[in-house]
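Coordinate analysis (summary)
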Amino acid sequence: MSIVITAFERSPDRGRGLARDMRVRWALEEAGQPYDVRLVSFKAMKEPEHLALQPFGQIPTYEEGDLVLFESGAIVLYIAERHRGLLPEDANARARAIAWMFAALNTIEPPIFERTIATILERDEPWYEKRLRVVDDRIRRRLGELSDRLADADWLDGEFSAGDLLMITVLLRLKRSGMVDEYPNLSAYMARGEARPAYQRAFAAQLAVFNAASSG
């Protein structure tokens, strides 16, 4: 059965690998699984056909035979559980890797995403600077805790896992802000993820979509 995922027809991240289909592309590349991509417009994302796959009108979705999934974290977990390379064989290490997946999405990502929304939608509001300071303080507290835990290790818990994959995609949302550079071990950690061949293939595929849309 072929795998089909959905992605933005015109990504708002301008091909920088920040859209959440990147996580799924990367996981599939790490697992060595071929896949097809169906591009959807912002209008199509809110129409019944797409809402039947993703009730909140977002991307990505994942289709494989009769199975339809949404939520990037759930899709990555599904891929990781069925293919080698993204979760350890040892039961305890596997559980810890899954815990890091949840930590990336539930603990680290929320204030980072809040910052992204604030910089896009609230920049002209009188409270913007104060709000940004509060959000940045929350982010730095989490980055400091993550930095302390990572210390001088290459990955979060032994070998590279889906926990690292999701954590790195979350941290990449801060790349242009320079905040991760304040923690050299996190900056190096992020760079190790970007250097993985599977990441490079996924990034190139997502960027090609943006470049095609821009030239079309």
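Every value quoted in this text rests on a predicted model; they were computed, and no experiment measured them. (Residues numbered from 1 in each chain as written. Predicted model: local features only at pLDDT ≥ 70, side-chain atom pairs only at ≥ 80, totals over all residues. Heavy atoms only, no water.)

**Section: the nonpolar core**
In terms of nonpolar packing, the biggest core is built from 54 residues, with Tyr 62, Ile 79 and Met 167 touching the most fellow members. Where this core is concerned, the elements lending two or more residues are β1 (3–8), α1 (21–31), α3 (72–82), α4 (91–121), α5 (128–150), α6 (162–171), α7 (184–195) and α8 (197–215). Here this core takes eight residues from α4, the largest share from any one element. Once residues within four sequence positions are removed from consideration, Met 167 is found in contact with Trp 100, Ala 103, Ala 104, Ile 108, Leu 146, Leu 156 and Tyr 189. Counting residues in each nonpolar core, the second largest holds five residues, with Phe 8, Ala 19, Val 40 and Ile 59 among its members. (Core = buried A, V, L, I, M, F, W, Y, C linked by side-chain atoms within 4.5 Å. Buried < 20%, exposed > 50% of the residue type's maximum accessible area, 1.4 Å probe, protein only. Helix = DSSP H or I, 4+ residues; strand = E, 2+ residues; numbered from the N terminus. Contact = heavy atoms within 4.5 Å.)

**Quick notes on unusual backbone geometry**
Glycine aside, residues mostly have negative phi, and peptide bonds are mostly found in the trans state. The amide bond that connects Ile 59 to the next residue, Pro 60, takes the cis arrangement and shows omega of 5°. Mapped onto the secondary structure, Pro 60 falls in the loop between α2 (48–51) and β3 (61–64). Unusually for a residue other than glycine, Glu 71 sits at a positive phi of about 75°. Checked against the element boundaries, Glu 71 lands in the loop between β4 (67–70) and α3. Positive phi is not limited to glycine here, since Ala 151 has a value of about 55°. Structurally, the position occupied by Ala 151 is in the loop between α5 and α6.

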